[in-house]
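Below, each chain spelled out in residue letters.
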Amino acid sequence: MLQIYNSLHNRKEEFVPIEPNKICLYVCGMTVYDYCHLGHARVMVVFDMVYRYLQTAGYEVTYVRNITDIDDKIIKRANENNEPFTELTERFIAAMHEDEAALGILKPSVEPRATGNIPEMIGMISQLIEKSYAYVGSNNDVYYSVAKFEDYGKLSGRKLEDLRAGERIAVDQVKKDPLDFVLWKAAKPEEPAWDSPWGRGRPGWHIECSAMAQKILGDRFDIHGGGHDLQFPHHENEIAQSEACIGHQTVNYWMHNGFIRINDEKMSKSLNNFSTIRQVLEDYRPEEVRYFILNSHYRSPLNYSQEPLDAARAALTRLYTALRGLPVDQITDLGNAPVDSEQEQRFRAAMDDDFNTVEAISVLFELAREINRQRTDENIAGAVKAAALLKKLAGILGLLNTDAEAWFKGQSHVDSDGLSDDEIETLIQQRTEARTNKDWTACDALRDELKAKGIVLEDGPGGTSWRRG
RNA sequence: GGCUGGGUGGCAGAGUGGUUAUGCAGCGGAUUGCAAAUCCGUCCACGCCGGUUCGAUUCCGACCCUAGCCUCCA
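Described in the following lines is the structure provided in the data block. (Residues numbered from 1 in each chain as written. Chains lettered and ligands numbered in written order. Predicted model: local features only at pLDDT ≥ 70, side-chain atom pairs only at ≥ 80, totals over all residues. Heavy atoms only, no water.)

### Observations regarding the nonpolar core
- Grouped together as the largest cluster of nonpolar side chains are 134 residues, with contacts concentrated most on Tyr-144 and Phe-355.
- Among the elements that line this core, the one with the most residues is helix 1 (residues 38-56), at 12 residues.
- Those residues in contact with Phe-355, other than ones at most four positions away along the chain, are Leu-2, Ile-4, Met-49, Val-50, Tyr-53, Leu-54, Met-255, His-297, Tyr-298 and Ala-350.
- In this structure, Leu-419, Ile-428, Ile-455 and Trp-466 belong to the second largest nonpolar core, which totals nine residues. (Core = buried A, V, L, I, M, F, W, Y, C linked by side-chain atoms within 4.5 Å. Buried < 20%, exposed > 50% of the residue type's maximum accessible area, 1.4 Å probe, protein only. Helix = DSSP H or I, 4+ residues; strand = E, 2+ residues; numbered from the N terminus. Contact = heavy atoms within 4.5 Å.)

Have a look at this one:
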């Protein structure tokens, strides 16, 4: 039985889909004015994991992740670059797709763009005005009247008076209430704009998600996710908009993933420590980043530094070592995995418990040990069986998708002085001859030479294998 | 100030009212020409003070420390 921590009630709740065996999932995607950073990577990986797991749990999942391709930051950046905003957004959407592909993120079912759904947004704003939840300001901006929505604050656990007590809200003469937020922004000359009943302008950020979610998923859907910081005000405002417009609760479960810190500091512009996905991928392999993210609970804060990434590499090396040398076609044939095994049950129980990937991963290591044991006992059939299960379960997390041999021989961040596979094989061949002659001095010299270039040798009963470590 | 979380062994990081997390690192053993890898065994733990309990790291309360949000932010 799947349990999900619902941010709406701050507790784990049994998950009951609206329609049996079907799940509609909406996740707030990124605003495309720059390269994706590690925080985006976490959202991508976490909800990719959720998407994959729900599918293997037997659900038909419609996964919507939007792209915000019009907003103030985009306009500002496009102006700085002196280019049309669409050129800017197209470039970073392409970059985002590259990053996703690198990290092994499955494509969402639908990836709507804000600019492709302006009529729906205008329609929703019109309804909100009709129902008196919104008003047109003297500057032709349209605002949502927060005080009109009784439940305002229910997601973030805030009361209006508490929010008003905060001194950080800018005073604005046009708004009736400083907490009111913009639904439609009148365009200044030269700004990208769309026609609307209130003049030319563009939608506010919050209405984008409300409108796109309703358009694609309907008046009520199962899960809405996003980064923790979006809980307030973004998701709070979405609730205010959607529920005021539709007239009832629209989202059953809210999921928020925790933040990533960099060397124990908040990622921020002022600290200039924004690590983009592509920067990180210069030093680490995508699967290492994925493991790093999945090896802590999605709601916990996660600190990015060298050690946990190195640990991720070591952990994956252990898992791949278990798979190495086993017949690839047999272990990738999931039909060889035992059905309804005790390990799979524990794996799924962990995942059912609010996506406890960390505990699920521990099952992976138990399987690795099992494989190694069987292999020591020369029970290859048993090892294959366990390996097929390991592949299957790891696959649910999007891990161990590489062929083991390719993993070990692939480039790592350690500079291997550019030795080619053939050069390495040749040196190993020389060493094997020395070994046969029991010329241990020559033997060890060759091994040391390779080690200095980042190549680790392992002598086994079937000969010498190597890896770039 | 308001609202959420969190404090676990050398590090990372789960979890549990009484019994093994897991990975890396350490120690002992097996294996190996020596290593590496692997297997077996093993050390190291639950912020502080009270309470509930036969028994609490796990539940409750206070305290200390810490993170996030309250402004754009994944």
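### Describing the packing of aromatic side chains
- This structure, assessed with the given rule, holds 14 aromatic pairs.
- When the centroid spacing of 6.1 Å and the interplanar angle of 85° are considered together, the rings of Phe-15 and Tyr-59 count as edge-to-face. Of this pair, Phe-15 sits in the loop between strand 2 (11-14) and strand 3 (22-27) while Tyr-59 sits in the loop between helix 1 and strand 4 (60-65); the two residues are 44 residues apart in sequence, bridging distant segments of the chain.
- Each ring, one from Tyr-320 and one from Trp-407, has its centre 4.6 Å from the other, and the planes form 20°; the classification is stacked. Of this pair, Tyr-320 sits in helix 10 (residues 306-323) while Trp-407 sits in helix 15 (residues 404-409), placing them 87 residues apart in sequence. The same class applies to Tyr-320 and to Trp-407, which are both buried.
- By the ring-pair criterion, three or more aromatic residues cluster together here, those being Phe-15, Tyr-59 and Tyr-253.
- Here the guanidinium or amino end of Lys-176 rests over the ring plane of Tyr-135, the centre of that ring lying 4.2 Å away. (Phe/Tyr/Trp six-rings, centres within 6.5 Å; stacked < 30°, edge-to-face > 60°. Lys NZ or Arg CZ within 6 Å of the ring centre and 35° of its normal.)

### Remarks on the environment of Arg-468
- Along the chain, the position of Arg-468 falls in strand 15 (residues 463-468).
- Sequence spacing of Arg-468 and Ala-57 is 411 residues, and the spatial spacing of their C-alpha atoms is 36 Å.

### Section: the pairing of strand 4
- Where strand 3 meets strand 4, six bridges bridge the pair, whose relative direction is parallel. Among the inter-strand pairings, Tyr-26 is bridged to a residue of strand 4, identified as Val-64.
- This β-α-β element, strand 3 to helix 1 to strand 4, shows right-handed connectivity. (Pairing = 2+ DSSP bridges. Right-handed = clockwise from strand over helix to strand, strands pointing away.)

### Notes on the packing of helix 12 (residues 342-352) against helix 13 (residues 357-376)
- Between helix 12 and helix 13, whose axes approach to 7 Å, the crossing angle comes to 165°. Judged by the inter-axis angle, helix 12 sits roughly antiparallel to helix 13. Every pair of crossing elements has a handedness; the one defined by helix 12 and helix 13 is left-handed. Residue-level contacts link Gln-343, Arg-346, Phe-347, Ala-350 and Met-351 of helix 12 to Thr-357, Glu-359, Ala-360, Val-363, Leu-364, Glu-366 and Leu-367 of helix 13. (Axes fitted to C-alpha atoms, helices over the stretch in contact; angles between N-to-C directions. Parallel < 35°, antiparallel > 145°, perpendicular 65-115°, else oblique. Left-handed = near helix turned anticlockwise from the far one by under 90°.)

### Side note on the pattern of salt bridges
- The tally for this structure, following the rule as stated, stands at 38 salt bridges.
- Salt-bridge contacts for Asp-354 lead to Arg-299; the nearest nitrogen and oxygen are separated by 2.7 Å. Note that Asp-354 is positioned in the loop between helix 12 and helix 13 and Arg-299 in the loop between helix 9 (286-294) and strand 13 (302-304), a separation of 55 residues in sequence.
- Of the residues examined, Asp-354 reaches a relative accessible area of 0% and is grouped as buried.
- For Arg-299, a relative accessible area of 31% translates into the label partly exposed.
- Ionic pairing is found between Lys-409 and Glu-405, a salt bridge with its closest N-O pair at 3.4 Å. One end of the pair, Lys-409, and the other, Glu-405, are both in helix 15, four residues apart, so they sit about a helical turn from each other.
- Judged by relative accessible area, which is 22%, Lys-409 ranks as partly exposed.
- Each of Asp-72, Lys-185, Lys-188, Glu-191 and Arg-202 takes part in salt bridges that share partners, so that together they form one network. (Salt bridge = Lys/Arg side-chain N within 4 Å of Asp/Glu carboxyl O.)

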